[in-house]
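These are the residues of each chain, in order.
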Amino acid sequence: MLRNSLKMCFSVASRKRARVTELHSVAKMSTNRVSRIAKSELLQIALDVLKMPTPIQKAQMTMRASQLFEHITEWHEDNGDVLKVRHLRSQLPDYPARPSEPKLVAPSEMISHRKLKVPLNVYLLHTIAHVEVNAIDTAWDTLLRFDRSDLPMQFYKDWVSIAADEAKHYSLLEERLLAHGSFYGALPAHAIIWNIASKTKDDIKARVAIMQMVEEPRGLDAWERLVDRLKGTGDHESANLVHLICSEEVRHVKLGVEWFRWLCEKDHLDPMQEFHRIVRNVNAPIMPPFNDLARGNAGLEEGFYIPLSKEVYR
């Protein structure tokens, strides 16, 4: 017991030192504005993030990329860059790099905070932090995996902005965990999010539909419950943070809906019918209760999800 306590204290202290270093690094980042970059430069960052095992560094790299990409208006294109992009895509990992902690277990093997003997607020913060790490990776994986010449520049800008939001969310959650004497990796987690993303690896419409219009809205549905549970522990600061995170996820769903419609229209498909087909094919159940207001604010009409919520997938 003493050894475990000492190990936890050392881990928290080392992560706090790393956090200070990271903040100094971000403060020193270049603010030079450029309007053109080669697409391979952006996709190299995507690959670097996917191969980086340390979550806080994933977040730092992502936030830096967002700042650099903010003012880009066009690609610097040449024949050599096409070959570079092709080479980068050939290196795309099947699974993004991860640290040795947290230990990943099957969803059925996840145990409650009581059995783990950790406070509920720490358990919830850790769970959400794990979601954000996966969200950083899936955003970058989407850009690199599905890069194609007919995708507008705005698609890349939107997905970089999504990744940056997830990186910011993770960083803030890590700070709250450290404030409570814990850290990301201290508790077990599951691999279900990436496993679901892997089912969409061959179809950009499926990736956008499942990750932005099925998985992201689950966070909107849990919004009020998570905030209330955190308030119930007396951790109002964390409750406010989770409220902020969920409010910013609305934009992610909205972008998903808009780009899914664009992709369907490009292929002369009815968006709602195609969404239903994809969800059934991927076997991604959509279960109530729903936050219809938040979903509606994101442009996710009830016709997308209500009919599916009445079906059982096998």
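Right, let's walk through the structure included here. If you're wondering where the values come from, they're calculated on a predicted model, not measured in any experiment.

Topic: the nonpolar core
Then step 1. In this structure, Phe69, Trp140, Ile210 and Phe275 are the most contacted members of the largest nonpolar core, which totals 86 residues.
Then step 2. Apart from residues no more than four positions distant in its own chain, Phe69 is found in contact with Ile37, Leu42, Trp75, Met153, Tyr156, Lys157 and Val160.

Thoughts on empty space enclosed by the protein
Then step 1. In total, this model carries two cavities of 30 Å³ or more according to the counting rule given.
Then step 2. For the largest cavity, the calculated volume is near 50 Å³.
Then step 3. Every residue along the wall of the largest cavity is listed here: Met213, Val214, Pro217, Arg218, Ile286, Met287, Phe290, Arg295 and Tyr305.
Then step 4. No other element matches helix H9 (residues 204–232), which puts four residues into the lining of the largest cavity.
Then step 5. Partitioned by chemical class, the residues of the lining of the largest cavity number seven nonpolar, no polar and two charged.
Then step 6. The calculated volume of the second largest cavity comes to roughly 30 Å³.
Then step 7. Every residue along the wall of the second largest cavity is listed here: Thr138, Ala139, Thr142, Trp159, Arg207, Val208, Met211 and Gln212.

Concerning the packing of aromatic side chains
Then step 1. On inspection of all chains with the given rule, the structure shows eleven aromatic pairs.
Then step 2. Residues Trp259 and Trp262 carry aromatic rings whose centres are separated by 5.4 Å and whose planes lie at 75° to one another, so their mutual orientation is edge-to-face. Placement of the pair is Trp259 and Trp262 together in helix H10 (residues 236–266), with a separation of three residues, close to one helical turn.
Then step 3. Each residue in the set Phe69, Trp75, Phe155, Tyr156, Trp159, Trp259 and Trp262 is aromatic and connected to the rest through ring pairs, giving one cluster.
Then step 4. Of note, Lys157 hangs over the ring of Phe69, and the distance from its end group to the ring centre comes to 5.2 Å.

Quick notes on the layout of surface pockets
Then step 1. Space inside the largest pocket adds up to approximately 1,100 Å³.
Then step 2. Around the largest pocket, the lining is made up of 37 residues, and of these Thr127, Val131, Ile193, Arg218 and Gly219 lie nearest the centre.
Then step 3. Taken together, the elements giving at least two residues each to the lining of the largest pocket come down to helix H6 (120–145), helix H7 (153–179), strand S4 (189–190), helix H8 (192–198), H9 and H10.

Some thoughts on unusual backbone geometry
Then step 1. With omega at 10°, the peptide bond leading from Glu101 into Pro102 counts as cis.
Then step 2. Along the chain, Pro102 falls in the loop between helix H4 (79–90) and strand S3 (104–105).
Then step 3. Of note, Lys117 is a non-glycine position whose phi angle comes to about 60°, a positive value.
Then step 4. In this structure, Lys117 sits in the loop between helix H5 (113–116) and H6.
Then step 5. Positive phi is not limited to glycine here, since His268 has a value of about 60°.
Then step 6. If you trace the backbone, His268 turns up in the loop between H10 and helix H11 (271–282).
Then step 7. Taking relative accessible area as the criterion, His268 reaches 73% and is therefore assigned exposed.

Rules of the game
- Residues numbered from 1 in each chain as written.
- Predicted model: local features only at pLDDT ≥ 70, side-chain atom pairs only at ≥ 80, totals over all residues.
- Heavy atoms only, no water.
- Core = buried A, V, L, I, M, F, W, Y, C linked by side-chain atoms within 4.5 Å.
- Buried < 20%, exposed > 50% of the residue type's maximum accessible area, 1.4 Å probe, protein only.
- Contact = heavy atoms within 4.5 Å.
- 1 Å grid on protein atoms, 1.4 Å probe; cavity = no way out; pocket = protein on both sides within 12 Å on 5 of 7 lines; lining within 4 Å.
- Points joined across faces, edges and corners; volume = space filled by probe spheres on them.
- Helix = DSSP H or I, 4+ residues; strand = E, 2+ residues; numbered from the N terminus.
- Nonpolar A, V, L, I, M, F, W, Y, C, P; charged D, E, K, R; others polar.
- Phe/Tyr/Trp six-rings, centres within 6.5 Å; stacked < 30°, edge-to-face > 60°.
- Lys NZ or Arg CZ within 6 Å of the ring centre and 35° of its normal.

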